[in-house]
Amino acid sequence: NDYSRPLLFEVFAYHSNGSHDLIGSNTFTLQDLTEKGIKKMEIIDEPRKKKKKSYTNSGYVVVDSIDIRILHTFLEYVSGGCEICLTAAVDYTQSNGDIDLPGSLHKQAPNSYNDYEKALFSVGEILLNYDSDKLVPFFGFGGKIRGQISHCFAINGNEANSEVYGLEGMMAAYKESFNFVHLSGPTLFSQVISSAIQDAQASDRNIRDKQRFHVLLILTDGEIHDMRDTIDLIVKGSELPLGIVIVGIGNDQFENMVILDADDDPLVDRNGKKMVRDIVQFVPFRNVGNSPSRLCKEVLEEIPEQLLSYFKLKNIKPNPPRRDLGHGAYNRANTLSDQLRMHNEVMGHVGNIDRSSNPNTGMNMAPQGNNGGGGGGMNMNQGYSNANTMNTGYNPNMQAGGGGQMGGGVAPARYGGGQMNGGMNAQMFGMAALGQGGYVNQQGQFQGNFGQQQGNYGRQPGNNGMQGGNNGM
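Just so it is clear, the structure is predicted and the values come from calculations on it, not from any experiment.

### Considerations on the packing of helix H4 (residues 115-127) against helix H5 (residues 166-177)
Direction vectors running N to C along H4 and H5 enclose 165°, while the axes themselves pass 10 Å from each other. Classified by the angle their axes make, H4 and H5 are roughly antiparallel. Crossing hand, H4 versus H5: right-handed. Two secondary-structure elements touch here, H4 through Tyr 116, Glu 117, Leu 120, Phe 121, Gly 124 and Glu 125 and H5 through Leu 167, Met 170, Met 171, Tyr 174 and Lys 175. Across the contact of H4 with H5, the residue classes tally to 7 nonpolar, 1 polar and 3 charged.

In structure tokens:
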């Protein structure tokens, strides 16, 4: 927005061999063009000008018209209240391998996450920070339920309401689903994508009143068998507030996924209609070393572009920044790399999770407050219980006397442990703690008796989270 900033304009003589010759250049500002009305600029070859006293210029550049457009950022939309609405879908086809066998991609282990869980956790952890209600439509496809194969079923077993609450709900529902879902096939995406498109269509109709962008996360182990229908739906979805992230689990070649990614060739439906923007990102989990943090980086690099391309297509500007949002420290992050750095600090290395051998990990990175002994700026505790849930506490902005410590190994709720003395700034990235007698809402207001109860829950087996409640007192 700095109209007085100098801009360099260079003119070259083109040569097919790539050795282009500089004809000349000029420096100007937007202020020159818009306020001073300068439309004609000399092109000067500075070396030639120094050698020849008779040299005047190498010609002129005439500005016929000027159109100045502001390129808005992802964070402008998010800080203005645009919600990221996450939908997730998991592949339950037989090609994943029998869950009772060691080589199964769905193998359940008491002290570690499989690759499906790692991907769910790491991507969900980031995206749910921008979802105000944290309710995630959570589907499975390719599974057999009560003898019937389904390509879009509720992983929580409730076909009337497929939504689960937050990251905890996703992880728990996935783990419990194998009590009633049997692996089957084939691999079809179209029904899951159709469901996401219906939600995106509803948001598109009211997008100027309430900004929303939907992200469909698909976790799959192989090639799909409804490629034509899937392409048609992706082309349809390219006009809607929708982005699709496909994470490939396992060692398949994923040729069709590369086609759907459409980085080189835009998708065209069966009627010859071309996609208006790229909405699919495919990431083979093995290509990022099965690393959750690297997977997050890949996802974060493209989702903002998907969102921006939609709002640019609709010519919709971001709303003014809102101060009532519960995104916690993420609102203060200037770049997505800052967000990823914060995420990694809080999350730790999910790929190395071992709930039995790492019962307590504590870190206090800032001094205590001066008023009432409030906790430091960041206080992280990771503890793991036999509930197989990762618990991480994060207090992004402890002020004097405001907050004490959050964190520790609490089961089953995440971000629990210890006592909260006060409750100011206990935003927990805007995520509400579930089912422990109280909660912290989006504005970080302490309600109920959550902190005291979590202090007791922190004394579960293995002394998980015993540090909770002490550092901030």
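### As for the nonpolar core
With 55 residues, the main nonpolar core has Leu 120 and Phe 138 as its most contacted residues. Looking at which element gives the most residues to this core, the answer is helix H9 (residues 292-313), with 9 residues. If we ignore the near neighbours within four places in the chain, the residues touching Phe 138 are Ala 88, Val 90, Leu 120, Phe 153, Ala 154, Ile 155, Ser 162, Val 164, Met 170, Ala 173 and Tyr 174. In terms of nonpolar packing, the next biggest core, distinct from the first, is built from 30 residues, Ala 196, Ile 197, Ile 218 and Phe 282 among them.

### Let's talk about the confidence of the model for the protein
Residue-level pLDDT values for the protein average 74, and 68% of them are 70 or greater. Low pLDDT (under 50) marks residues 326-337, which in the prediction has 31 contacts with non-local residues, meaning those over four places away or in another chain. In the model, residues 341-473 has pLDDT below 50 throughout and makes 324 contacts with residues more than four positions away in sequence or in other chains.

### What about unusual backbone geometry?
Here the bond from Gly 185 into Pro 186 is cis, since omega is 5°, no more than 30 degrees from zero. Mapped onto the elements of the fold, Pro 186 is located in the loop between strand S11 (181-183) and helix H6 (190-205). Positive phi outside glycine occurs at Lys 134, with the angle close to 60°. Residue Lys 134 is classed as buried on the basis of its relative accessible area, which comes to 3%. Despite not being glycine, Ala 262 shows a phi value in the positive range, around 55°. Relative to the helices and strands, Ala 262 is located in the loop between helix H8 (255-261) and strand S14 (280-284). Judged by its relative accessible area of 10%, Ala 262 falls in the buried class.

### Concerning a nonpolar patch on the surface
The grouping of Tyr 3, Ile 66 and Ile 68 at the surface amounts to a nonpolar patch, some 220 Å² of accessible area in total. On the secondary structure map, Ile 66 appears in the loop between strand S4 (60-62) and helix H3 (74-79). The class of Ile 66 is partly exposed, set by a relative accessible area of 33%.

### A word on the environment of Arg 322
By the secondary structure assignment, Arg 322 is in the loop between H9 and helix H10 (336-347). For Arg 322, a relative accessible area of 38% corresponds to the partly exposed category. Placed 243 residues apart in sequence, Arg 322 and Ser 79 show a C-alpha to C-alpha distance of 6.1 Å. Those residues in contact with Arg 322, other than ones at most four positions away along the chain, are Ser 79, Gly 80 and Gly 81.

### Observations concerning the sheet that holds S11
Pairing within the open sheet is antiparallel, and its 3 strands lie in the order S8-S7-S11. Both edges of this open sheet fall to strand S8 (148-150) and S11, since each of them pairs with a single strand only. Shown here is a sheet whose adjacent strand axes are inclined to one another by a mean of 40°, direction ignored.

### Comments concerning the pattern of salt bridges
Summed over the entire model, instances satisfying the criterion amount to 11 salt bridges. Across the salt bridge formed by Asp 115 and Lys 118, the nearest N and O atoms sit 3.9 Å from each other. A residue pair is termed a helical-turn pair when its members lie 3 or 4 positions apart in one helix, as Asp 115 and Lys 118 do in helix H4 at 3 residues. Residue Asp 115 shares its accessibility class with Lys 118, and that shared class is buried. Two residues, Asp 229 and Arg 270, come together in a salt bridge whose shortest N-O distance is 2.6 Å. In this pair, Asp 229 is assigned in helix H7 (residues 227-237) and Arg 270 in the loop between H8 and S14, connecting sequence segments 41 residues apart. Each member of the salt-bridge network shares a partner with another, and the members are Arg 228, Asp 229, Asp 232 and Arg 270.

### Side note on the side chain of Glu 83
Turning to its location among the elements, Glu 83 is positioned in strand S5 (residues 83-91). Non-local contacts of Glu 83, meaning those with residues more than four positions away in its chain, are made with Tyr 130, Ser 132, Lys 210, Gln 211, Arg 212 and Phe 213.

### Re the packing of H6 against H7
The description of two helices packed together rests on the angle between their axes and the distance between the axes. Two elements in contact, H6 and H7, have axes whose closest approach is 10 Å; the angle formed by their N-to-C orientations is 15°. In terms of orientation, H6 and H7 fall into the roughly parallel class. As H6 packs across H7, the resulting crossing turns out to be left-handed. Judged by residue contacts, Ser 190, Ile 193, Ser 194, Ile 197 and Gln 201 of H6 engage Asp 229, Thr 230, Leu 233, Ile 234, Lys 236 and Gly 237 from H7. Grouping the constituent residues of the contact of H6 with H7 by class yields 4 nonpolar, 5 polar and 2 charged.

Definitions and cut-offs
- Residues numbered from 1 in each chain as written.
- Predicted model: local features only at pLDDT ≥ 70, side-chain atom pairs only at ≥ 80, totals over all residues.
- Heavy atoms only, no water.
- Axes fitted to C-alpha atoms, helices over the stretch in contact; angles between N-to-C directions.
- Helix = DSSP H or I, 4+ residues; strand = E, 2+ residues; numbered from the N terminus.
- Parallel < 35°, antiparallel > 145°, perpendicular 65-115°, else oblique.
- Left-handed = near helix turned anticlockwise from the far one by under 90°.
- Contact = heavy atoms within 4.5 Å.
- Nonpolar A, V, L, I, M, F, W, Y, C, P; charged D, E, K, R; others polar.
- Core = buried A, V, L, I, M, F, W, Y, C linked by side-chain atoms within 4.5 Å.
- Buried < 20%, exposed > 50% of the residue type's maximum accessible area, 1.4 Å probe, protein only.
- pLDDT = per-residue confidence, 0-100.
- Patch = residues over 30% accessible without salt bridge, like charges linked within 9 Å, V, L, I, M, F, W, Y side chains within 5 Å.
- Areas by Shrake-Rupley, 256 points an atom, 1.4 Å probe, with all protein chains shown as cover.
- Salt bridge = Lys/Arg side-chain N within 4 Å of Asp/Glu carboxyl O.
- Pairing = 2+ DSSP bridges.

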